[in-house]
Amino acid sequence: MATYATTAVVTPRPRYRVLEDERWLAMALLLPTIVLLAMFIAYPFVKGILLSVTNTRVGVPGEFVGLANFYKIWNDSIFRSAVYNTFVYTGVTTVFKLGLGLWLALLLNRNFRGKTFTRAFILLPFIIPTVLSTFAWKWMFDPTFSVLNWMFWKLGLISSRINWLGDPDLAMLSVIIVNIWRGVPFFAISLLAGLQTINPDLHEAAAIDGAPPLKRFIYITWPLLLPVTMVVVLFSVIQTFADFQLVYVLTEGGPANSTHLFATYAYNLGIRTGLLSEGAAISLAMFPVLFLVVIFQLLYIRRVETR
Amino acid sequence: MIEGALWRKWVYFYVPLILFLIFLLFPFYWMMITTFRPDGELYRPWNAWNYTPFWTWNPTWAHIEYLFRETIFGTWLWNTMFIATISTMISLVCGVFAGYALSRLKFPFAGGLGTGIFVTYLVPQTLLFIPLADIIRDYRLGDTPWALILTYPTFLIPFCTWLMMGYFKAIPKELEECARIDGASRWKAMIYIILPVAVPGILSAGIFAFTLSWNVFIYALVFLSSPQEKTVPVGVVSELIRGDVFFWGPLMAGALLGSIPVAVVYSFFVEHYVSGLTGSVKG
Amino acid sequence: MAQVSIRQVNKKYDDFHAVKDVNLEIHDKEFLVLVGPSGCGKTTTLRMVAGLESITSGEILIGNTVVNELPPMDRDIAMVFQNYALYPHMSVFDNMAFGLKMRKFDKAEIAQRVKDAADILGIEQLLARKPRQLSGGQRQRVALGRAIVRHPQVFLFDEPLSNLDAKLRVQMRVELKKLHNRLGTTAIYVTHDQVEAMTLGDRVVVMKDGWVQQVGDPLELYNAPANRFVAGFIGSPAMNFAAVAVSERDGALWAENSGMRIKVPAAIAARMNSHRGRNATLGIRPEDIHLATPADPSDVCFDAVVEVVEQLGSEVLLDIKVGSDTMAAAVEPTLRAKIQEQLRLALNPARLHFFDAETETAI
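This one's a predicted model, so the numbers in the text were calculated from it and none came from an experiment.

Colleague: Just checking my understanding: could you explain the sheet that holds strand β4 (residues 57-62) of chain C for this structure?
Modeller: In any sheet, the strands associate via hydrogen bonds between backbone groups, in a parallel or an antiparallel arrangement. Residue and element names in this part refer to chain C. In spatial order, the strands read β2-β1-β4-β5; together these four strands make up an open sheet with antiparallel pairing. In the strand order of this sheet, the two ends are held by β2 (16-26) and β5 (65-66), each with one partner. Bridge count between β4 and β5: two bridges; the pairing is antiparallel. Residue pairing in the sheet places L61 in a bridge with V66 of β5.

Put into structure tokens, the structure is as follows:
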């Protein structure tokens, strides 16, 4: 039965190939990423915190001033309105982007001729560099030459010009419109992908069971779409909250500081005016909100997944 | 699909779809038509009697000529293309390696590192640009393309990593095990087996990174100052606007021509772009 | 000499003890099958031989070499996976050539080996195709070809036929057997299908919960199972079990329960003595039950009520109720039985098995 081999048993000493070891290979593969991210994200982040607690200006190193900058910006009415603007901007655009994006996704979920082309074209607002397409909108908004004014005039809706970007009340609306325009494709295509993972048998079963389209949507489609929706909303909220390009091109924060966001005001104060520390403080003020948003989303996703 | 009457189809489907398409694509049409419209027609108030918005009978090249003659638009195009390509390649390499390591290798701190990389994606450029400006200056990278080539990957890599992780996870581990039994080291198994199978994912990540690179503005705005280093978005903003005067013709020409390279590259990889977008969202 | 020795091998994942004290000696040229339900540790054991899992304790030797520390590529083994693991971006030829390329064989040698393997398997005309253009059976052959070209010391098979449809599975079983006879390479084969185990294995190892239950050639396992698990696992339809009380009467041992009174045959009475006055489990295979004839003594007969009749053509499977137990009986195909009909059945006393009621080992 069990007679062990009588010839010599060889126990080889294996050639130690470093890269065979999972841990060394993983380190080697991750090294470039870690270095880049450490140098250009972690380090600036820390430096940003340091900047915000000193009173540095361009060319003038500063001394530690504790939270003075934060007090200063909190008492700055422009900053306060920027905070308010950013929340309004983010909230309103996200709601509309979600609603319109969902509608468009539902439309695209059918099979029709030219579907592939349509899908490709629809993404253009998202693909084309924001600055460039925003200029097109700025031109469309120009009070004297606006094609939108012409259209509304021809439709009999207005008799005098709409000063899209010059009127403090309308400017926010205009900025919001352009952001929605840019974001709808992203929402639509992502939600479309989510819709396509929903088994069509579910809809058919529900239809046979007697559920009308709206009920089918509420009870079947929407819950199954929720994970994708939350991820998309997460991405979008972060990007929108920290948005810069759109407002910079359209209004530079005006007129009369009515469209400033965190980012544009930080740019104005930090780079334009050279008050680096205060600019840094404004930028950093975004962080708590972003952090909370992320935590909230992650918890929600975890809860959905474990259900 | 559940069928209905023909008019229902038109009202509920075709009309909204067409409206959406008009809404989404009209600005590009406007961009295009402004580029070719002569100044005389361009600067007509909207309530003038001869305002013809949707077509022009006198197309002209004048604006495009102006663009290339009076500004160094060609240089900006080249800069942007160069920076975008190199950044994309760096990000792809880093993202593919990192994605592979995080999804297929076991090592301590794997979870922590993965979360760390994910978290950096949430630190937007507008939060970092002020201290980064200082750092760039300290490293003597200010006003060179390298300032951008090294900083763009900071937001491209997390995305590429995440995307590649999804693709790698879908590759059955038996393929790798078989390769290792066949005689390939881990490294060779990755190069010869895993990467070729993950090519669709790599293309998706690449095209997404490429389009994102073209879209960067604030870093380019803050780190570059001399006109010949500028990228298209920055150049168009700074050189085609003199004080309060907007040269709309050349501006739109710049916007149009600046959009075309991205759109062309995108058109070759639409499927990959879409699957990259949706892949990242489905996690 | 390509024997494989697995000595006192254990595998632990954190708290989970997957493989417990496995000792196996696999002889050169032997075709050994590891069989058992999912989670029994058979695949883990195979993977430890392959080098895809680390060995928590114990030794594995291939040939005369202790391979615990060697990476898979240095162990001179080849493995065939359940879902074939063909490289999708390479042609069949490249798939088969990959291992040789990695070991830096020259082109002529590679071409020759691939051709030889392709000829043996009958896939010469598929060499230029990609895996996605092949059927399941063809892919399986390519996976086999990839293993053959390496001329390894040991073949490892991880449930290679599970993904094939039933008819193809039978066909491939025969081909595998022929292949083994032709090549003579030592092979370790993992499956959950006891039919594959019985038909392919020179010896079969039955595993459960990480333990080896029994090692032996197929007939040994069928005729003399070491415990109740092996008895119930090997053979289809499965063996019937009934709880019985063992008592002595008239100088002989009897096993009885609510449905039957069976005399323990003299041949095994000696072993059963220790269980006098206690409970045991009686085991009898369905094929060892037949309709009682006048020639059958009454101490091997019992009454049963028919519950289900399954006509297979070659035999009739009856689900019967014996007292409070349900059993299966495979009887002559000529029987016309009706549900609720009462039958008198007899069992073959030479084929009786008894198992201890607590330890479940064979008595």
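Colleague: Mind showing me how you'd approach the interface of chain B and chain A here?
Modeller: Buried accessible area, meaning the area lost when the parts come together, often serves as the stated size of an interface. Listed as interface residues are 102 residues of chain B and, on the opposing side, 100 residues of chain A. Carbon and sulfur atoms supply 81% of the area buried between chain B and chain A, which totals about 9,200 Å² over both sides. Inspection of the chain B/chain A interface yields three salt bridges. A salt bridge links D138 of chain B to K47 of chain A; the nearest nitrogen and oxygen atoms lie 3.5 Å apart. Applying the counting criterion to the chain B and chain A interface returns 11 residue pairs in polar contact (both at pLDDT 80 or more). Counted by class, the side of chain B that touches chain A contains 79 nonpolar, 14 polar and nine charged residues.

Colleague: What exactly am I supposed to notice about the side chain of R150 of chain C here?
Modeller: Its location among the elements puts R150 of chain C in the loop between α4 (136-148) and β7 (154-158). The residues contacting R150 of chain C, other than those within four sequence positions of it, are I181 and D182 of chain B together with D76, I77, A78, G99, L100, R103 and R113 of chain C.

Colleague: Would you explain the environment of L25 of chain A in this entry?
Modeller: All names here are of chain A. Along the chain, the position of L25 falls in helix α1 (residues 22-52). The class for L25 is buried, based on a relative accessible area of 1%. Taking the C-alpha atoms as reference points, L25 and S133, separated by 108 residues in sequence, lie 44 Å from one another.

Colleague: Would you explain the side chain of S91 of chain B in this entry?
Modeller: All names here are of chain B. Structurally, the position occupied by S91 is in helix α4 (residues 73-104). Only 2.6 Å separates the side chain of S91 from the backbone oxygen of S87, close enough to count as a polar contact. The contact partners of S91, leaving out residues within four places of it in the chain, are P153, L156, I157 and C160.

Colleague: What is the right way to look at helix α2 (residues 92-102) of chain C in this model?
Modeller: Each full turn of the α-helix corresponds to 3.6 residues, which orients residues three or four apart in the same direction. Counted residue by residue, α2 of chain C has eight buried out of 11 residues, so it is predominantly covered. When α2 of chain C is considered as a whole, its buried residues turn out to be V92, N95, M96, A97, F98, G99, L100 and M102 of chain C. Along its buried surface, α2 of chain C packs onto α9 (173-182) and α10 (186-197) of chain B together with α3 (107-121) and α4 of chain C. Positive backbone phi, at 65 degrees, marks K104 of chain C, one or two positions downstream of α2 of chain C.

Colleague: Whenever I open this one, the environment of E124 of chain C confuses me. Can you help?
Modeller: Within the secondary structure, E124 of chain C is located in the loop between α3 and α4. Setting aside chain neighbours within four positions, we find E124 of chain C in contact with A118 and D119 of chain C.

So, how was this worked out
Residues numbered from 1 in each chain as written. Chains lettered and ligands numbered in written order. Predicted model: local features only at pLDDT ≥ 70, side-chain atom pairs only at ≥ 80, totals over all residues. Heavy atoms only, no water. Pairing = 2+ DSSP bridges. Helix = DSSP H or I, 4+ residues; strand = E, 2+ residues; numbered from the N terminus. Contact = heavy atoms within 4.5 Å. Buried area = accessible area lost by both parts, 1.4 Å probe. Salt bridge = Lys/Arg side-chain N within 4 Å of Asp/Glu carboxyl O. Polar contact = N/O pair within 3.5 Å; in protein donor to acceptor, adjacent residues only side chain to side chain. Nonpolar A, V, L, I, M, F, W, Y, C, P; charged D, E, K, R; others polar. Buried < 20%, exposed > 50% of the residue type's maximum accessible area, 1.4 Å probe, protein only.

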